[in-house]
Number of protein chains: 2
Amino acid sequence: MTRGKKKQLHLNLFLRNTGHHEASWRHPRSRPDGVIDVRYYQRLAQTAERGKLDSLFLADSYGLPPTMQFLVQQALEPFTLLSALAMVTSRIGLIGTASTTYNEPYHVARKFVSLDHISGGRAGWNIVTSTGNATAFNFGAEPLPDHTDRYRRADEFLAVVQALWDSWEEDAIVGDKASGLYVDPAKLHEISHAGEHFHVRGPLNLPRAPQGQPVLVQAGASETGRAFASRHAEAIFTAQNTLADGQRFYADVKGRMRKLGRDPEAAKILPGLCPIIGDTPAEAQDKERELNELTQPAYGVYRLSNLLKMDLGGYPLDGPLPYQELAHNAEINSQKARHQLYLDLARRENLTIRELILRTATSRGHYSITGTPVEIADEMERWMREGAADGFNLMPPCFPTELDAFVDKVVPELQNRDLFRTDYEGETLREHYGLERPARAAAVAGTGGRAAVSAQ
Amino acid sequence: MTRGKKKQLHLNLFLRNTGHHEASWRHPRSRPDGVIDVRYYQRLAQTAERGKLDSLFLADSYGLPPTMQFLVQQALEPFTLLSALAMVTSRIGLIGTASTTYNEPYHVARKFVSLDHISGGRAGWNIVTSTGNATAFNFGAEPLPDHTDRYRRADEFLAVVQALWDSWEEDAIVGDKASGLYVDPAKLHEISHAGEHFHVRGPLNLPRAPQGQPVLVQAGASETGRAFASRHAEAIFTAQNTLADGQRFYADVKGRMRKLGRDPEAAKILPGLCPIIGDTPAEAQDKERELNELTQPAYGVYRLSNLLKMDLGGYPLDGPLPYQELAHNAEINSQKARHQLYLDLARRENLTIRELILRTATSRGHYSITGTPVEIADEMERWMREGAADGFNLMPPCFPTELDAFVDKVVPELQNRDLFRTDYEGETLREHYGLERPARAAAVAGTGGRAAVSAQ
Ligand SMILES: Cc1cc2nc3c(=O)[nH]c(=O)nc-3n(C[C@H](O)[C@H](O)[C@H](O)COP(=O)(O)O)c2cc1C
Ligand SMILES: Cc1cc2nc3c(=O)[nH]c(=O)nc-3n(C[C@H](O)[C@H](O)[C@H](O)COP(=O)(O)O)c2cc1C
């Protein structure tokens with residue numbers, strides 16, 4: 001955060017095929033064929049950069065759910081797509097997802113450093129532990145490990161990655177053509193990690209990242225997940241449906257950070273926000289209705305059944321959820337917080353199954369506002385001023401139209417209120433988010449430098 | 001190959017930091033700081049594209065040898081770098097290395113398909129099984145698995161990757177906005193692979209690659225390696241020092257292909273070639289001398305000791321190799337063929353240790369020609385006409401200067417002889433190499449399509 005200046009919002013664009021509304025691909029103006037066309041993403045990224053957004057973000061998983069008949073779910077791979085976008089943008093941050101459950105730390109450490117070099121310091125890592133067996137069964141015969149085990153592995157994984165990121169001192173490269181000394185061997189460090197899940201010797205085969213370390217992003221919602229995010233994250237995604245829930249989450253995480261001795265400004269909390277924008281309230285509502293009419297009940301039932309871990313196929317769509325028969329939150333291994341959020345929403349507003357499906361079709365339970373640019377800016381301002389957000393994870397229902405509308409109509413409104421930058425002030429993702437450049441951990445592996453090959 | 005037309009050469013550019021000569025970074029005109037600067041590679045890629053080269057190629061490993069004091073060995077990661085280059089080039093093929101020993105097939109399958117989509121059908125995979133413990137110890141406590149085990153895993157790995165590549169039928173996407181049918185579930189296939197090393201259910205989370213499958217490249221030199229390459233590869237890199245050796249290798253591999261029922265044209269054999277170019281023979285020799293004078297004997301001894309698996313530190317540089325004490329080729333687990341090549345070279349030309357070091361400083365044992373554009377074109381033509389090559393893997397000793405010289409002086413000479421294209425005729429890497437677009441394997445997993453989620 002820019003000290004001594006008025007607090008401003010941080011905005012991340014969550015890129016996702018045709019948009020966050022599950023029926024967006026059916027919208028007359030959507031381009032479902034664009035979802036594997038890099039030029040489609042180029043146009044979206046450039047629009048976001050025109051809007052001076054802090055960053056864009058790609059979620060990821062390593063499997064395909066069995067619902068491809070209903071909607072677009074394939075996705076270009078984040079490292080390849082973000083590197084491509086690095087070449088056609090110059091400022092916007094590039095946040096990619098990598099799972100600690102189905103990767104090796106050496107590969108992940110290196111790919112982010114490579115992206116950070118390629119983009120000139122714009123890389124960020126959304127650290128996830130994966131959800132669901134559609135991914136698990138592409139990496140062995142075992143189902144998804146349980147939540148605790150996933151986070152244990154994540155802890156060790158991150159420690160290894162950070163040690164690898166620190167394995168080159170800032171000024172390790174001497175590059176003296178005359179004497180022939182390329183690297184000072186004393187400034188390259190093996191990490192000699194030997195832990196429960198990983199043995200990694202190091203050093204990394206790339207020099208220190210321009211940002212020191214790429215930015216760490218996380219979306220822990222469970223107890224374990226929040227603890228992880230509070231310890232490590234520098235930006236936190238979260239799904240919060242009401243201002244009150246948002247405030248509770250914000251206070252909880254910032255409180256945890258204080259207890260850990262971290263500056264609460266060192267992590268920006270970014271609730272998801274799906275803006276459905278009209279020049280009048282009626283126009284916005286029409287847009288929402290138009291999208292909702294394109295949803296497919298069979299898919300909604302499948303999606304809800306999957307989250308609630310119970311087949312809802314036999315129940316009347318216009319009746320209530322069968323609360324008595326539903327699994328308790330404690331029994332849920334994946335998407336625990338999302339599970340709770342859906343139940344709370346249905347109970348609070350007394351929704352039928354059909355209504356719950358529609359309410360979550362827009363952005364899978366994230367906060368959604370249907371209104372004018374002024375109304376949307378009002379809500380964003382309120383969430384920030386009333387302690388629920390440092391900014392937002394923008395989830396436009398439809399690309400490119402609703403991103404265009406946000407950049408052309410909501411961003412200027414925020415700028416007029418001095419709530420958002422009118423131009424980038426820094427070059428790197430860290431600078432956009434007002435995050436400090438991390439110092440190198442002093443004693444990687446405890447050894448001094450790496451043994452030099454003796455000159456003879 | 002373009003049928004009915006005169007046979008022409010295929011040219012791949014082997015990109016490698018400051019150049020293939022180990023002392024290239026010390027050359028007055030080299031830019032060692034460029035090796036992590038994407039704009040440096042952009043300039044090289046665009047030069048290669050100006051020269052109408054078929055492809056460019058990045059080697060890779062996942063570790064750093066302990067010789068960083070002597071030379072540049074860090075490298076941007078291939079998928080991130082190639083995707084970035086895809087955005088600033090339009091025709092040249094993009095070949096990246098991925099090891100089957102230290103990766104998961106799902107990730108590799110997906111990254112290449114993603115690169116193929118991003119580049120419009122220009123992706124190729126150099127399949128390697130890794131060499132050396134600098135990589136191994138970044139992925140566990142075990143040293144490099146032995147050669148046979150690595151190739152067993154490679155066989156299964158490739159089968160899984162190809163099944164994943166075939167898991168989407170060409171026309172699986174219906175994309176009917178009106179009916180709401182996005183994908184025809186009968187055209188998406190689980191692969192249900194359960195093998196010795198991998199369990200992978202599939203399908204991939206990306207539609208079929210523009211090329212059908214990315215191009216397969218390999219550099220097997222051992223018996224097992226050649227067998228693998230003959231079965232699978234569509235382009236083959238190889239290090240051959242003399243025309244006679246090149247002919248033997250060429251005849252051997254093409255013969256194996258015939259025996260396997262493959263069209264010998266279905267794999268292009270590309271020996272490495274390091275061209276040191278001068279307008280006169282004397283100028284070329286001066287260039288070579290200038291580079292050789294920049295080599296560091298301590299590094300040369302280390303490199304040779306490492307390959308020969310014996311510490312040569314105590315032996316006089318100007319004496320012969322201690323042949324009696326050297327390990328036999330049969331005892332070598334990694335770089336077997338390179339080991340044999342060095343021994344043959346030293347014996348054949350009766351080289352001292354210092355001479356062998358210098359002879360292999362240029363391009364690590366690959367064929368090197370020091371001469372005029374005409375002399376170099378003569379040799380290239382001879383290797384092609386006399387059955388040693390379908391083209392070459394170009395390994396310029398210094399970037400960018402020696403690449404510029406090749407494109408500006410040797411390429412026109414080859415074009416004048418009608419040995420090389422004057423413009424691209426196709427769009428994809430397959431088309432440049434004259435390779436057929438692979439048909440989908442009919443029965444992935446034997447099941448029909450994937451079960452659809454029932455509509456209600
Ligand atoms: C905006 C947002 C994006 C997310 N992206 C991914 C993702 O790309 N891949 C993934 O496996 N999980 C993703 N998640 C899930 C989180 O990583 C996390 O698992 C989830 O919020 C539940 O928290 P928990 O892990 O503490 O139970 C995302 C969550 C949110 C809120
Ligand atoms: C031009 C060329 C490039 C190669 N690139 C790599 C590489 O990037 N990574 C790697 O591990 N091995 C690489 N290799 C080694 C080969 O994959 C192969 O292991 C080697 O030629 C020895 O053959 P063998 O595996 O049959 O013993 C390369 C070899 C050649 C000739």
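Computed from a predicted structure; not experimentally measured.

### Structural notes on the overall build of chain A
A count of helices and strands for chain A gives 14 helices and 13 strands. Over its C-alpha trace chain A gives a radius of gyration of 23 Å, about what one expects of a compact globule, namely 23 Å for 456 residues. For chain A, the spread of C-alpha atoms along the three principal axes comes to 85 × 50 × 45 Å. For chain A, the proportion of its 456 residues judged to be buried stands at 61%. The contacts in chain A between residues at least 6 apart in sequence include a share of 78% that link residues at least 24 apart. Surface accessibility of chain A: about 16200 Å² in total, with carbon and sulfur atoms responsible for 49%. Here chain A contributes 52 positive and 57 negative side-chain charges, whose respective centroids are spaced 2 Å apart.

### A short note on helix α11 (residues 353-361) of chain B
All names here are of chain B. All buried positions along α11 are accounted for by Ile-353, Leu-356, Ile-357, Thr-360 and Ala-361. In a view along the axis of α11, the buried residues occupy a sector of 135°, so they form one face of it. Where α11 is buried, its residues contact α9 (297-308) and α10 (336-349).

### Considering the relation of the copies chain A and chain B
In screw terms, the move from chain A to chain B is a rotation of 180° and a rise of 0.0 Å along the axis, fitting with an RMSD of 0.0 Å. The operation mapping one copy onto its partner corresponds to a two-fold rotation axis. Proximity to the rotation axis, assessed at the C-alpha, singles out Ala-84 of chain A in chain A; its C-alpha lies 2.2 Å from the axis. Interface overlap between copies: 100% of the residues of chain A at the interface are likewise at the interface in chain B, consistent with a symmetric, same-surface contact.

### Digging into the site of ligand 2
Residues and elements named next belong to chain B. In the vicinity of ligand 2 there are 20 residues, among which Asp-60, His-147, Tyr-151, Ala-219 and Ser-222 approach most closely. Measuring from an oxygen atom of ligand 2, one finds a backbone N or O atom of Ala-219 at 2.5 Å. Separating an oxygen atom of ligand 2 from a backbone N or O atom of Ala-221 is a distance of 2.9 Å. Coverage of ligand 2 by the protein chains reaches 91% of its 610 Å² of free accessible surface. Those elements that provide at least two residues to the shell around ligand 2 are β4 (123-128) and α5 (147-165). Looking at side-chain class alone, the shell around ligand 2 contains 8 nonpolar, 10 polar and 2 charged residues.

### Thoughts on the interface of chain A and chain B
Contacts between chain A and chain B engage 86 residues on the former and 87 residues on the latter. Carbon and sulfur atoms make up 60% of the surface buried where chain A meets chain B, a total of about 7000 Å² over both sides. Connecting chain A to chain B are 4 salt bridges. For the interface between chain A and chain B, the tally reads 42 residue pairs in polar contact (both at pLDDT 80 or more). Tallying contributions element by element places helix α3 (residues 105-119) of chain A first for the side of chain A that touches chain B, with 7 residues. Looking at side-chain class alone, the side of chain A that touches chain B contains 48 nonpolar, 26 polar and 12 charged residues.

### As for the site of ligand 1
Residues and elements named next belong to chain A. The immediate surroundings of ligand 1 are formed by 20 residues, with Asp-60, His-147, Tyr-151, Ala-219 and Ser-222 found nearest. Measuring from an oxygen atom of ligand 1, one finds a backbone N or O atom of Asp-60 at 2.7 Å. The separation between an oxygen atom of ligand 1 and a polar main-chain atom of Ala-219 is 2.5 Å. Computed on the free molecule, ligand 1 has an accessible area of 610 Å², of which 91% lies beneath the protein chains in the complex. Broken down by secondary-structure element, the contributors of at least two residues to the shell around ligand 1 are β4 (123-128) and α5 (147-165). The class makeup of the residues in the shell around ligand 1 is 8 nonpolar, 10 polar and 2 charged.

### What about the UniProt feature "domain: Luciferase-like" (unreviewed entry) in chain A?
With numbering matched to this structure, UniProt assigns "domain: Luciferase-like" (unreviewed entry) to residues 25-387 of chain A. Its end C-alpha atoms 35 Å apart, residues 25-387 of chain A is made of 40% helix and 14% strand.

### Concerning the pattern of salt bridges
Inspection of the entire model under this criterion finds 71 salt bridges over all chains. As a salt-bridge pair, Asp-252 of chain B and Arg-226 of chain B come within 2.8 Å of each other at their nearest N and O atoms. You can see Asp-252 of chain B sitting in helix α7 (residues 243-259) and its partner Arg-226 of chain B sitting in helix α6 (residues 223-232), a full 26 residues away along the chain. Residue classification places Asp-252 of chain B among the partly exposed positions, given a relative accessible area of 25%. Bridged by salt links that share partners, the residues Asp-378, Glu-381, Arg-385, Glu-413 and Arg-417 of chain A form one connected network.

### Thoughts on the domain arrangement of chain A
Residues and elements named next belong to chain A. Here chain A is described as being made up of domain 1 (10-285 + 367-433) and domain 2 (296-360). Summed over both sides, the interface of domain 1 with domain 2 buries roughly 1400 Å², with 57% coming from carbon and sulfur. Together, Glu-22, Phe-70 and Asn-241 form the three largest contributors to the area buried by domain 1 at its contact with domain 2, with a combined 37%. Where domain 1 meets domain 2, there are 1 salt bridge.

### Examining the environment of Phe-198 of chain B
Residues and elements named next belong to chain B. Looking at the element boundaries, Phe-198 is found in the loop between β7 (193-194) and β8 (199-200). Taking the C-alpha atoms as reference points, Phe-198 and Pro-105, separated by 93 residues in sequence, lie 8.2 Å from one another. Phe-198 has contacts with Glu-104, Pro-105, Arg-153, Glu-156, Phe-157, Val-160 and His-193, leaving out every residue within four places of it along the chain.

### Here we look at the UniProt feature "binding site: FMN" (unreviewed entry) in chain A
The positions UniProt marks with the feature "binding site: FMN" (unreviewed entry) are Asp-60, Thr-97, His-147, Tyr-151 and Ser-222 of chain A. Relative to the helices and strands, Asp-60 of chain A is located in the loop between β2 (55-58) and α2 (78-86). Overall, Asp-60 of chain A belongs to the buried group, its relative accessible area being 17%. Beyond its immediate sequence surroundings of up to four residues, Asp-60 of chain A is in contact with Pro-78 and Thr-97 of chain A together with Arg-110 of chain B. Among the polar contacts listed, one links the side chain of Asp-60 of chain A to the side chain of Arg-110 of chain B, at a separation of 2.6 Å.

### So, α5 of chain B
A rise of 1.5 Å per residue sets the reference length of α5 of chain B, with its 19 residues, at 27 Å; its end C-alpha atoms lie 26 Å apart and thus fit the reference within 8%. Its side-chain oxygen 3.1 Å from the backbone nitrogen of Thr-148 of chain B, Asp-146 of chain B forms the N-cap of α5 of chain B.

### A word on the side chain of His-366 of chain A
All names here are of chain A. Here His-366 lies in the loop between α11 (353-361) and β12 (367-371). Among the residues examined, His-366 registers a relative accessible area of 8% and is labelled buried. Discounting residues that sit within four places of it in the chain, His-366 has contacts with Thr-238, Ala-239, Asn-241, Gly-272, Arg-338 and Met-395.

### Re the packing of helix α9 (residues 297-308) of chain A against helix α10 (residues 336-349) of chain A
Residues and elements named next belong to chain A. As a packed pair, α9 and α10 sit with axes 9 Å apart at the nearest point and diverge in direction by 115°. Two secondary-structure elements touch here, α9 through Arg-303, Leu-304, Leu-307 and Leu-308 and α10 through Arg-338, His-339, Tyr-342 and Leu-343. Residues belonging to the contact of α9 with α10 are distributed by class as follows: 5 nonpolar, 1 polar and 2 charged.

### Topic: the confidence of the model for chain A
Across chain A, pLDDT averages 94, with 96% of residues at or above 70. We note a pTM of 0.96 for the whole complex and an ipTM of 0.96 for its interfaces.

### Regarding the pairing of strand β9 (residues 215-218) of chain A
Residue and element names in this part refer to chain A. Across the two faces of β9 the burial is the same, with Val-215 and Val-217 and Leu-216 and Gln-218 all buried. Summarising the sheet, β4 and β9 pair through 4 bridges and their orientation is parallel. Residue pairing for β9: Trp-125 is matched across the bridge by Leu-216. One ladder, built from 2 bridges, connects β9 with strand β10 (residues 235-238); its direction is parallel. Its bridge partner lying in β10, Val-217 is registered against Ala-235. Crossover connection from β9 via helix α6 (residues 223-232) to parallel β10: handedness right-handed.

Calculation rules
Residues numbered from 1 in each chain as written. Chains lettered and ligands numbered in written order. Predicted model: local features only at pLDDT ≥ 70, side-chain atom pairs only at ≥ 80, totals over all residues. Heavy atoms only, no water. Helix = DSSP H or I, 4+ residues; strand = E, 2+ residues; numbered from the N terminus. Rg over C-alpha atoms; globule rule 2.2 N^0.38 Å. Buried < 20%, exposed > 50% of the residue type's maximum accessible area, 1.4 Å probe, protein only. Contact = heavy atoms within 4.5 Å. Areas by Shrake-Rupley, 256 points an atom, 1.4 Å probe, with all protein chains shown as cover. Lys, Arg positive; Asp, Glu negative; His and termini not counted. Charge placed at Lys NZ, Arg CZ, Asp CG, Glu CD. Arc of directions from axis to C-beta. Least-squares fit on C-alpha atoms with pLDDT ≥ 70 in both. Near = heavy atom within 4 Å. Polar contact = N/O pair within 3.5 Å; in protein donor to acceptor, adjacent residues only side chain to side chain. Nonpolar A, V, L, I, M, F, W, Y, C, P; charged D, E, K, R; others polar. Buried area = accessible area lost by both parts, 1.4 Å probe. Salt bridge = Lys/Arg side-chain N within 4 Å of Asp/Glu carboxyl O. UniProt positions renumbered as here; feature names shortened; annotations may be inferred. Domains from an automatic or database assignment. Expected span 1.5 Å × (residues − 1). Axes fitted to C-alpha atoms, helices over the stretch in contact; angles between N-to-C directions. pLDDT = per-residue confidence, 0-100. Pairing = 2+ DSSP bridges. Right-handed = clockwise from strand over helix to strand, strands pointing away.

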